[in-house]
Amino acid sequence: MAVYTDVAADELAEFLDQYDIGELLSYKGIAEGVENSNFLLHTSAGYFILTLYEKRVAKSELPFFLGLMTHLAGRGIICPQPLQNRSGDALSTLAGRPAVIINFLEGIWPRKPNAAHCAGVGQALAKMHLAGRDFPMSRANALSVSGWRPLFDAAASRADRLQHGLRAFLEAELDYLEGGVWPKNLPQGVIHADLFPDNVFFLGEKVSGLIDFTFACNDALTYDVAICLNAWCFESDCSFNVTKARAFLGAYRREREMSPAEQDALPLLARGAALRFLLTRLVDFLDVPPGALVRPKDPLEYVRKLRFQQSVASLRDYGVETSGLVA
């Protein structure tokens, strides 16, 4: 979450008159995240989240995200629900941006995830994959392999400002992953594609909600597992934590079996996932709009994670036997 577009109090109050959520008492911008403008609303009816979708999110794709959240909630996945205005529409316009109000979920995201958190997110991810099997809409993953070269091109000339040799490192990895090695014919479905710790709420060590579906799309289900492996199973110094990986993968498998092909593909998918987030973080870090209330995430964190993933040969390097994932 973040704030790129400011909203005046009188403009917001007029906007909220379209909804049955009471009188506006206060609101504040939420600085976490990098994609859209988000505000915590406090009204006489309670708390809500207002999201203004910025330019990277196409308005034509918003029905997919909103419909997916409604679909998943109907199958027992705790995730935000879009509120309809008095005209029956979930999608409105505010400050020249597509805007949605969603319900507020209780819980906090873990700043220092432990193995129990990793097991919780593994279970939640698998349940989400199963719940999304009959979702009728689809959306291609614009940030899969074919989408990485434009990101590299946008940042290449400035990459070495962050770290000497970064441009050459990125280009070599991109050339490799574009060279026909990317896994194909894996089980497909709806994936979250951004299930980082700040997008999972917990009450204690129990998952209380999944949020921020603006990267959700259709892709290999194991690619979602790979994204989470990078996001949850490293320490703050970017050392890989085998205990967390075993907890995460074991909990996922108890809900949804991974085929031998998926197990074999996971290390390469994790390598690609590391490159994808390195590239988007690099672009965001270099191109923060002036005056935006946003905290760009460190791209170099994913340089270190990518170097680790380049060394992984099989699930055994994650502390897991290929023939059977261990809880």
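Structure first, text after, so check above.
The shown structure was predicted, so the numbers you read here are calculated from the model rather than taken from an experiment.

Novice: I'd like a rundown of the sheet that holds strand β2 (residues 37-43), residues and numbers included.
Specialist: Ordered in space as β1-β2-β3-β5-β4, the five strands form an open sheet in which the pairing is antiparallel. Only two strands of the sheet have a single partner each, and these edge strands are β1 (24-29) and β4 (92-94). If you compare each strand with its neighbour and ignore which way they point, the axes differ by 35° on average. Relative to strand β3 (residues 46-52), β2 runs antiparallel, the two being bridged by seven bridges. The residue of β3 that forms the bridge with Leu-40 is Ile-49.

Novice: Quick rundown of helix α9 (residues 300-310)? Include the residues and the values.
Specialist: Two residues of an α-helix separated by three or four positions point the same way, owing to the 3.6 residues in each turn. Within α9, burial applies to Leu-300, Tyr-302, Val-303, Lys-305, Leu-306 and Gln-309. Turning to α9, the residues buried within the fold contact α5 (166-181), α6 (221-232) and α8 (260-286).

Novice: Go over the pattern of salt bridges, please, and point to the residues and values.
Specialist: Inspection of the entire model under this criterion finds 15 salt bridges. The partner of Arg-75 in a salt bridge is Asp-134, and the shortest N-O contact between them spans 3.0 Å. Of the two residues, Arg-75 is situated in the loop between α2 (62-73) and β4 and Asp-134 in the loop between α3 (115-131) and α4 (148-155); the sequence distance between them amounts to 59 residues. A relative accessible area of 45% places Asp-134 in the partly exposed class.

Novice: Report on unusual backbone geometry, specifying residues and quantitative values.
Specialist: Phi is positive for Asp-212, which is not a glycine, with a value near 60°. In this model, Cys-238 sits at a positive phi of 70°, which is unusual for a non-glycine residue. Residue placement: Cys-238 occurs in the loop between α6 and α7 (242-255). Judged by relative accessible area, which is 10%, Cys-238 ranks as buried.

Novice: Please set out the nonpolar core residue by residue, giving values where relevant.
Specialist: Formed by 91 residues in total, the largest nonpolar core has its most connected members in Trp-148, Phe-213, Tyr-223, Leu-229, Trp-232, Phe-248 and Leu-266. Take this core: its biggest share by element is 13 residues, from α8. Setting aside anything within four residues of it in sequence, one finds Trp-232 in contact with Pro-110, Pro-113, His-117, Cys-118, Val-121, Leu-195, Phe-196, Pro-197, Val-200, Phe-202 and Lys-244. Counting residues in each nonpolar core, the second largest holds 16 residues, with Ile-21, Phe-39, Leu-41 and Leu-83 among its members.

Novice: So what's going on with the packing of aromatic side chains? Residues and values would help.
Specialist: Per the stated rule, a full pass over the model turns up 15 aromatic pairs. Aromatic side chains Phe-240 and Tyr-318 sit 5.4 Å apart centroid to centroid with 45° between the ring planes, which places their arrangement in the tilted category. With Phe-240 in the loop between α6 and α7 and Tyr-318 in the segment after α9, this residue pair connects regions lying 78 residues apart in the sequence. It is Arg-276 that lies over the ring of Phe-277; its NZ or CZ is 3.8 Å from the centre. Over the aromatic face of Phe-169 sits the side chain of Arg-307, whose NZ or CZ is 4.2 Å from the ring centroid.

Novice: Explain the environment of Thr-93 to me, using residue names and the numbers behind them.
Specialist: Tracing the sequence through the fold places Thr-93 in strand β4. On the basis of relative accessibility, which here comes to 49%, the residue Thr-93 falls in the partly exposed class. Taking the C-alpha atoms as reference points, Thr-93 and Phe-39, 54 residues apart in sequence, are found 15 Å from one another. Setting aside its immediate chain neighbours within four residues, Thr-93 contacts Phe-15, Lys-59 and Ala-99.

Novice: A description of the pairing of strand β8 (residues 206-210) should follow, citing residues and the corresponding values.
Specialist: Direction of pairing for strand β7 (residues 200-203) relative to β8: antiparallel, over a ladder of four bridges. Opposite Leu-203, over in β8, you have Lys-206 as the bridge partner. Following β7, the chain reverses through two residues before pairing antiparallel with β8; Gly-204 in that reversal takes a positive phi of roughly 70°.

Novice: So, the packing of α4 against α5: which residues are in play, and what are the values?
Specialist: In a packed pair of helices, the relevant descriptors are the angle between the two axes and the axis-to-axis distance. The interhelical angle for the contact between α4 and α5, taken along N-to-C directions, is 165°, at an axis separation of 11 Å. By the criterion of interaxial angle, the relationship of α4 to α5 is roughly antiparallel. Seen from above, α4 lies across α5 with left-handed handedness. Facing α4, whose interface residues are Trp-148, Arg-149 and Phe-152, α5 presents Arg-167, Leu-170, Glu-171, Leu-174, Asp-175, Leu-177 and Glu-178. The class makeup of the residues in the contact of α4 with α5 is five nonpolar, no polar and five charged.

Novice: An account of the packing of α3 against α6 is requested, with residue identities and associated values reported.
Specialist: The N-to-C vectors of α3 and α6 enclose an angle of 160°; their axes lie 11 Å apart at closest approach. Here α3 is positioned roughly antiparallel relative to α6, judged by the angle of their axes. Crossing geometry of α3 relative to α6 is assigned as right-handed. On the side of α3, the interface is formed by His-117, Cys-118, Val-121, Leu-125, Met-128 and His-129, while α6 contributes Leu-221, Asp-224, Val-225, Cys-228 and Trp-232. Residue classes in the contact of α3 with α6 are distributed as eight nonpolar, two polar and one charged.

Novice: Provide a residue-level description of the side chain of Thr-280, including the pertinent values.
Specialist: Here Thr-280 is to be found in helix α8. Thr-280 sits in the buried class, given a relative accessible area of 4%. Polar contacts involving the side chain of Thr-280 include one to the main-chain carbonyl oxygen of Phe-277, which spans 3.4 Å.

Rules used throughout
Numbering of residues begins from 1 in every chain and follows the order in which that chain's sequence is written. It should be noted that, the model being predicted, local features are given only for residues of pLDDT at least 70 and side-chain atom pairs only at 80 or more, the latter also being counted only at that level, while totals for whole chains, interfaces and linings use all residues. Neither water nor hydrogens contribute to the side-chain values; these are computed over all heavy atoms in the structure. Any two strands are treated as partners once DSSP identifies two or more bridges connecting them. Only DSSP runs of H or I with at least four residues qualify as helices, and only runs of E with at least two residues qualify as strands; both kinds are numbered from the N terminus onward. The angle between two axes is taken between their N-to-C directions and runs from 0 to 180 degrees, where each axis is a line fitted to C-alpha atoms and a helix contributes only its stretch in contact. Any residue under 20% of the maximum accessible area for its type is buried, any over 50% is exposed, and the rest in between are partly exposed; the area is computed with a 1.4 Å probe on protein chains only. Contact between two residues is taken to exist if any of their heavy atoms lie within 4.5 Å; hydrogens are not considered. Salt-bridge detection follows one rule: a side-chain nitrogen of Lys or Arg within 4 Å of a carboxyl oxygen of Asp or Glu. Residues grouped as a nonpolar core are buried Ala, Val, Leu, Ile, Met, Phe, Trp, Tyr and Cys residues, joined through side-chain atoms within 4.5 Å. Stacked, tilted and edge-to-face pairs are distinguished by plane angle, under 30 degrees for stacked and over 60 for edge-to-face with tilted covering the rest, among Phe, Tyr and Trp rings (Trp via its six-membered ring) whose centres lie within 6.5 Å. Counted as over-ring charges are cases with an Arg CZ or a Lys NZ within 6 Å of the ring centre that also lie within 35 degrees of the ring normal. In this scheme, roughly parallel covers angles under 35 degrees and roughly antiparallel covers those over 145, while 65 to 115 is roughly perpendicular and the rest are oblique. With the far helix as reference, a near helix turned anticlockwise by less than a right angle produces a left-handed crossing, and one turned clockwise produces a right-handed crossing. Note on residue categories: nonpolar means Ala, Val, Leu, Ile, Met, Phe, Trp, Tyr, Cys or Pro, charged means Asp, Glu, Lys or Arg, and polar means any other residue, Gly included. Any pair of N or O atoms that falls within 3.5 Å is considered a polar contact. Within protein, one atom must be able to donate a hydrogen and the other to accept it, and sequence-neighbouring residues count only if both atoms are side-chain atoms.

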